[in-house]
Amino acid sequence: MNSSKHTELANHAWSVADLLRGDYKQSDYGKVILPFTVLRRLECVLEPTRDKVVETAAKHKDSGIEPDDFLRRASGNSFYNTSTLSLKKIAADPQNAAKNLQVYVGAFSDNARGVLDRFDFPQQIKKLDSAGLLYKVIGRFTDLDLHPEVVPNHNMGYIFEELIRRFSEQSNETAGEHFTPREVIKLMVNLLIAPDGDALSLPGAVRTVMDPACGTGGMLSAAEDHILSLNPDATVEVYGQELNPESWAICRSDLMIKGQEPENIASGNSFSDDGHKRRKFDYLLANPPFGVEWKKVKEEVEYEHKSLGEAGRFGAGLPRINDGSLLFLQHMISKMKPVDVNGKGGSRIAIVFNGSPLFTGAAGSGESEIRRWILENNWLEAIVALPDQLFYNTGISTYFWILTNRKRTDDTKVVLLDARDQWTKMRKSLGDKRKELGDGKNGKPDHIGDITRLYGEALTAANDPHQPVPDKVKVFDTKDFGYQRITVERPLKLRFEVTEETLTALAAAKPVEKLANSEEFVAAVRTLLGSSWATKSECFVALKDAVAAAGYLWPPGAPFAKALRDTMGVRDPEGEVQLIKGQSEPDSELRDYENVPLGEDVEEYLKREVHPYVPDAWIDDSKTKIGYEIPVTRHFYVYEPPRPLAEIDAELKALEAEIQTLLSEVTNKS
């Protein structure tokens, strides 16, 4: 089925909006169209065995035996409907449409009825009936042919995604939170599964796939299709979790129709309510929402982080509250299968991120600690930089992170692959999506195939020093992304003086304010207005003499002495170095930070890079932190020299001449 057919069927479903206009807000059209599309799809799938199911239900009605297994067998699906009604019959009886539709929906098996309930379907039936629209809407959907032989499961996913995209546009939601462009999914699945091609082709292969932010299930379907294309006899079990109720319902219905276990799709937030606790999977993939805060589950996440530590999912660290991307990755890593002593088992992960998780957060921050944990455990296989404007909800650049726990202990290489130029312009943009990855069909370049091939060559080069590294690929050791965040201190140097400014500061100092005769003390010091001293000791002697001359005692205590030093002292590059227990006191205003590559001697770095300019600087080793960042764009940056001035000047003169010509034409005409 081609894309025009998908659009035609989606247009048919969305044409119901013409009926809803006036009684429904535009933002609510999807609340009717999506559940009715699901209902019509379920009906079309069940139609061939409808009579057999009705007969089986009648046969077991008074038998006292639970008929569920018999009804599933009669249906040939994991769901069924025992009613003799159909949407066509219901539409033909407008007066009883609401009652009959409720009876019809109630006759579905529990799993199918649960899907429709997530759309708040009973409420929509009531509202449509009150507006006199119910039988008209039902009649419109009876003309929509969604039988599996006409619309295969894979293609049905496109229709649902198109409807959700339109619903999101109308309701001003973010389409990208619900689904990912199919060509992006295809590339992602290729890179995730390609290295396992030989193992997957073996007889009896069984694989589990999980997506913790599965949306309508597009990634799960693509992964299943890819594995089955390598081995039609393989068994693929898909699992997922989704927060959005409409997307969850569509994904679950898709699994029911394909004969998969719909209970594998959990509802709710993956962070606070893990729907697959203690489960491990062969493949994990996700496109979590970009830059979405996790404030709503802050309490649960922080509790797990503090109470379980590394035994929980979030032991490595917590990112800033406004972006939960790295929480998703930690969650997925916790579900990797362990590798046995023979190197068997293990898992592979693919996740889509924007640029933020690559470098956000300084050394010691939650993000940096998570990157450190991943790299020091040698799980990161590659980062793939994608073109911008690939997604419906954002035009920013995005990246695939590919991880696995199957790497050898001596294989600490990480591949960076630059695929930012692998795109073709769309004929018509969809939201922020203006570019797409070609698949070699319909005259388009095969970007997906080229990137997949390049990825395989990159992995080979990373593991074999004799293999040339392809263009657009760079290979690094995990430690190359680490750095030491050093604190460079310089001594505090002061001269001392009594000025109106220092007197004001002295009067405001807490230890001075607490003096019984604070005003008299400041007045005694004021007698030295205009005086200055090179050293603290000289200053203090003069101040003590002035206070004694005024008939007051010198206040004791270290806090007072420090307050006096801080208020009378003025920073001066040529001033006296201040000491604490015989050591130079650092000047917080001159403090600086440097990132030194991991493994480099920081003292040698100080001598080479700092001392030529500030020879009295030193490193405070107690403040040194280890950080990790992955600056992909910096590694692929290519310097482009500015154009010669003569060339720019010539172009400007040519433009001026063109403007003069156009102006003269206008003048002559007038």
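A word on the nonpolar core
Judged by nonpolar contacts, the single largest core of 104 residues is most densely connected at Phe36, Leu101 and Phe400. In this structure, Leu101 is in contact with Phe36, Leu39, Leu87, Ile90, Phe121, Ile125, Leu134 and Ile138, ignoring residues within four places of it in sequence. In terms of nonpolar packing, the next biggest core, distinct from the first, is built from 42 residues, Ile349, Ile351, Leu358 and Val414 among them.

Some points on the packing of aromatic side chains
For the coordinates displayed, the defined rule picks out 15 aromatic pairs. An angle of 70 degrees between the planes, with centres 5.1 Å apart, marks the rings of Phe36 and Phe121 as edge-to-face. Note that Phe36 is positioned in helix α3 (residues 29-46) and Phe121 in helix α9 (residues 121-130), a separation of 85 residues in sequence. Across the pair, Phe121 and Phe36 agree in class, each one buried.

Points about the environment of Ala385
Relative to the helices and strands, Ala385 resides in strand β6 (residues 380-385). We classify Ala385 as buried; its relative accessible area is 1%. For the pair Ala385 and Asp129, spaced 256 residues apart in sequence, the C-alpha to C-alpha distance is 51 Å. Those residues in contact with Ala385 that sit more than four places away from it in its chain are Thr398, Tyr399, Leu417, Asp418, Ala419, Arg420 and Val632.

Brief notes about the packing of helix α23 (residues 518-526) against helix α24 (residues 536-549)
One can describe the packing of α23 onto α24 by two numbers: an axis separation of 8 Å at closest approach and a directional angle of 120 degrees. Classed by the angle they form, the pair α23 and α24 counts as oblique. The two elements α23 and α24 meet at a crossing, and its hand is right-handed. For the pair α23 and α24, contact is made by Phe521, Ala524 and Val525 and by Leu543, Ala546 and Val547, respectively. Here the contact of α23 with α24 is composed, by residue class, of 6 nonpolar, no polar and no charged.

What to know about unusual backbone geometry
Trans is the prevailing form of peptide bonds, just as negative phi is the prevailing case for residues other than glycine. Of note, Gln389 is a non-glycine position whose phi angle comes to about 60 degrees, a positive value. Tracing the chain through its elements places Gln389 in the loop between β6 and β7 (398-404). Exposure remark for Gln389: the relative accessible area of 21% places this residue in the partly exposed category.

Regarding the packing of helix α21 (residues 500-508) against helix α25 (residues 558-568)
The interhelical angle for the contact between α21 and α25, taken along N-to-C directions, is 155 degrees, at an axis separation of 8 Å. In terms of orientation, α21 lies roughly antiparallel with respect to α25. Considering only the axes of α21 and α25, their crossing is right-handed. Here Thr502, Leu503, Ala505 and Leu506 of α21 come into contact with α25, specifically with Leu564, Thr567 and Met568. Grouping the constituent residues of the contact of α21 with α25 by class yields 5 nonpolar, 2 polar and no charged.

Regarding the pairing of strand β4 (residues 283-286)
On a regular strand, each side chain points to the face opposite its neighbour's, so the side chains alternate between the two faces of the sheet. Of the two faces of β4, the one lined by Tyr283 and Leu285 and the one lined by Leu284 and Ala286 are each fully buried. Two strands pair when backbone bridges link them, and β4 and strand β5 (residues 348-354) are joined in this way by 4 bridges, in the parallel orientation. By the bridge assignment, Leu284 is partnered in β5 with Ile349.

Details of a nonpolar patch on the surface
On the surface, Leu645, Ile648, Leu652 and Leu655 cluster together to form a nonpolar patch covering roughly 380 Å² of accessible area. Note that Leu655 resides in helix α28 (residues 645-669). With relative accessibility at 42%, the residue Leu655 sits in the partly exposed group.

Here's the deal with the confidence of the model for the chain
Detail in the predicted coordinates should be disregarded across regions flagged by low pLDDT. Overall, the prediction assigns the chain a mean pLDDT of 92, with 97% of residues at 70 or greater. Mean pLDDT values for the elements of the chain range from 79 in helix α11 (residues 153-171) up to 98 in helix α19 (residues 366-376).

Digging into the pattern of salt bridges
Enumeration according to the criterion identifies 43 salt bridges in this entry. As a salt-bridge pair, Arg453 and Glu457 come within 3.1 Å of each other at their nearest N and O atoms. You can see Arg453 and its partner Glu457 sitting in helix α20 (residues 447-463), 4 residues apart, about one turn around the helix. Under the relative-accessibility criterion, Glu457 is labelled partly exposed at 35%. One continuous salt-bridge network, built from bridges that share partners, spans Glu489, Arg591, Asp620 and Lys623.

What counts as what
- Residues numbered from 1 in each chain as written.
- Predicted model: local features only at pLDDT ≥ 70, side-chain atom pairs only at ≥ 80, totals over all residues.
- Heavy atoms only, no water.
- Core = buried A, V, L, I, M, F, W, Y, C linked by side-chain atoms within 4.5 Å.
- Buried < 20%, exposed > 50% of the residue type's maximum accessible area, 1.4 Å probe, protein only.
- Contact = heavy atoms within 4.5 Å.
- Phe/Tyr/Trp six-rings, centres within 6.5 Å; stacked < 30°, edge-to-face > 60°.
- Helix = DSSP H or I, 4+ residues; strand = E, 2+ residues; numbered from the N terminus.
- Axes fitted to C-alpha atoms, helices over the stretch in contact; angles between N-to-C directions.
- Parallel < 35°, antiparallel > 145°, perpendicular 65-115°, else oblique.
- Left-handed = near helix turned anticlockwise from the far one by under 90°.
- Nonpolar A, V, L, I, M, F, W, Y, C, P; charged D, E, K, R; others polar.
- Pairing = 2+ DSSP bridges.
- Patch = residues over 30% accessible without salt bridge, like charges linked within 9 Å, V, L, I, M, F, W, Y side chains within 5 Å.
- Areas by Shrake-Rupley, 256 points an atom, 1.4 Å probe, with all protein chains shown as cover.
- Salt bridge = Lys/Arg side-chain N within 4 Å of Asp/Glu carboxyl O.
- pLDDT = per-residue confidence, 0-100.

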